[in-house]
Amino acid sequence: MTDVEVFLKRRIIREIDSRKQELIELCSSLIRIPSENPPGDSTEISRFIAGYLKQFGFQVDFYEPKERMYNLVAGYGRDEGKHLILCGHTDVVPAGDPFKWNFPPFSGEVKDGWILGRGASDMKGGLSGIIFAVSLLKRLNLELPGKITLAIVPDEETGGKYGVPFLLENGIIHGDGCLIAEPSSPLNPTIGQKGAFWFKLTVFGEPGHGSLSPVAGRNAIADAIKAIAKIQELWELPIPVPDEVKPIIARTKRYMKEVEKLDENYQKVLERITVNVGTISGGTKSNVIPESCTVEVDCRLPFGITHEKVAEHLHRELDGLGIRYQMETFGFRGNANFTPPDDPVCRAVIRNISSVTGKEAYGVLQWASSDARHFRAHRIPVLQYGPAHLPSIHGYNEKVAVEDVLRCAKVYALAAIDFLFSSSR
């Protein structure tokens, strides 16, 4: 690290500490704007963010692939040199029953060191951090040897079709690395995710009078139960783990044990197909043999198997039952993916987490899925790091610690300096 970089980083830390209240208020303001998805209307929050950035001289471009769903893109720096994307989403899951909250779900109140409200952890704490960090670098008139792009998307919580994929597929954003401000552990950014395979299975029967079952007709619900039993056997399917990901899996197991305090049963999810039968519907009346039954299933796939192979396996198993069925995919679908921990963007983020906290940091795998998979599909190295009170995400009484938001904002700004000033590509 050069003397110039050391000076810049020290100055940035001082500036963030001195402007702490501004960052907190920005986060609170974002929470106070309801942006639930569904319905997915990002108009108000997008206008607010654009107004915040424009006061510091940013040009903000709007892209609307679906009515009232706005992607915001703003950049700072020069086109020559390396290019870093900082990404976050404005949408949040619905707040649910407001009477089950201990405070108004969109209060944005700061109390006892916590910022309260829906989206505080997922992910308006992280979103405020990247917006604040980039605006601060610009306000300090730093001459960057490359460029930072803010990509603020409206549609992550329902699959992301109108957000990151739209921006990438249309060539609106590009970069040498990306940091997504999604919630994470304070010392453990996520550098990889399991794959996802969501599918709907409809089983067909033959209707008849319920008093004649099982002699007459064919009960679609009974056949669906047989199919579900086969689907759940995916958990026991042996998966060969590729050698290249074994070290990352080992580190993630350490993280699950030491940080998450999860026992070995939970650690198994890293190397197995998880199966969740999320919905089931069928039949019309108790005295009518059901003609159809539909189940929706969420499977998460480890490294070593693809969703195509899982589909082939399921068809073989279901065909062997002699039932009539139709299987179609929906929602998330993709294979397990990761960014090597020695990639420059991973090194920059992990090094500065350790620098800011004074503790060991290392990347881990996520057993869910995210927008990161889209960046990797476009050959953009990516990882996720953001402030969060993990137990409150998607639940009632969501909150985020003020100090976590502050810490992450520092990491975002310092990692951007490290990444852009590094000569390695």
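In this report, the structure presented in the accompanying data block is examined. Just so we're clear, the structure is a prediction, and the values are computed from it rather than from any experiment.

As a further point, take the sheet that holds strand β16 (residues 399-401). If you walk across this open sheet you meet the three strands as β4-β5-β16, and the pairing is antiparallel. Whereas interior strands pair on both sides, the edge strands pair on one side only; in this sheet they are β4 (110-111) and β16. Packing against the sheet, helix α12 (residues 402-421) makes contact with β4, β5 (114-116) and β16, and its axis sits at approximately 65 degrees to β16.

One open sheet accounts for four strands, arranged β10-β11-β9-β12; its pairing is antiparallel. At either end of the open sheet lies a strand with only one pairing partner, and these are β10 (274-282) and β12 (324-334). Strand after strand, the sheet turns through a mean of 20 degrees between neighbouring axes, direction not considered. The sheet contact formed by strand β9 (residues 195-204) and β12 spans eight bridges and is antiparallel.

This paragraph deals with empty space enclosed by the protein. Scanning the entire structure with this criterion turns up one cavity of 30 Å³ or more. Approximately 40 Å³ is the volume attributed to the largest cavity. Elements that contribute at least two residues to the lining of the largest cavity include exactly β3 (83-89), α10 (344-357) and α12. For the lining of the largest cavity, the leading source of residues is α12, giving four residues. The residue makeup of the lining of the largest cavity, split by class, is 10 nonpolar, no polar and no charged.

Here we take up the packing of helix α2 (residues 20-31) against α12. Put simply, α2 and α12 touch, their axes get as near as 10 Å, and they point 110 degrees apart. When the axis of α2 is compared with that of α12, the two are roughly perpendicular. For the pair α2 and α12, the contacting residues are Lys20, Leu23 and Ile24 in the first and Val402, Glu403, Val405, Leu406 and Ala409 in the second.

Attention now goes to unusual backbone geometry. Cis geometry marks the peptide bond from Asn37 to Pro38, where omega comes out at 5 degrees. Along the chain, the position of Pro38 falls in the loop between α2 and α3 (43-54). Even without glycine at this site, Asp112 takes up a positive phi of about 55 degrees. Turning to its location among the elements, Asp112 is positioned in the loop between β4 and β5. Residue class for Asp112 comes out exposed when judged on its relative accessible area of 69%. At Asn397, a position not held by glycine, the phi torsion is positive, near 60 degrees.

Moving on, we get to the nonpolar core. Ile12, Ile49, Leu53, Ile131, Leu137 and Leu142 are the most contacted members of the largest nonpolar core, which has 82 residues in total. With 14 residues, the single largest contributor to this core is α12. The contact partners of Leu142, leaving out residues within four places of it in the chain, are Leu8, Arg11, Ile12, Tyr76, Leu137 and Ile417. Listed in part, the 25 residues of the second largest apolar core include Ala224, Val295, Val297 and Leu318.

Definitions and limits used
Residues numbered from 1 in each chain as written. Predicted model: local features only at pLDDT ≥ 70, side-chain atom pairs only at ≥ 80, totals over all residues. Heavy atoms only, no water. Pairing = 2+ DSSP bridges. Helix = DSSP H or I, 4+ residues; strand = E, 2+ residues; numbered from the N terminus. Contact = heavy atoms within 4.5 Å. Axes fitted to C-alpha atoms, helices over the stretch in contact; angles between N-to-C directions. 1 Å grid on protein atoms, 1.4 Å probe; cavity = no way out; pocket = protein on both sides within 12 Å on 5 of 7 lines; lining within 4 Å. Points joined across faces, edges and corners; volume = space filled by probe spheres on them. Nonpolar A, V, L, I, M, F, W, Y, C, P; charged D, E, K, R; others polar. Parallel < 35°, antiparallel > 145°, perpendicular 65-115°, else oblique. Buried < 20%, exposed > 50% of the residue type's maximum accessible area, 1.4 Å probe, protein only. Core = buried A, V, L, I, M, F, W, Y, C linked by side-chain atoms within 4.5 Å.

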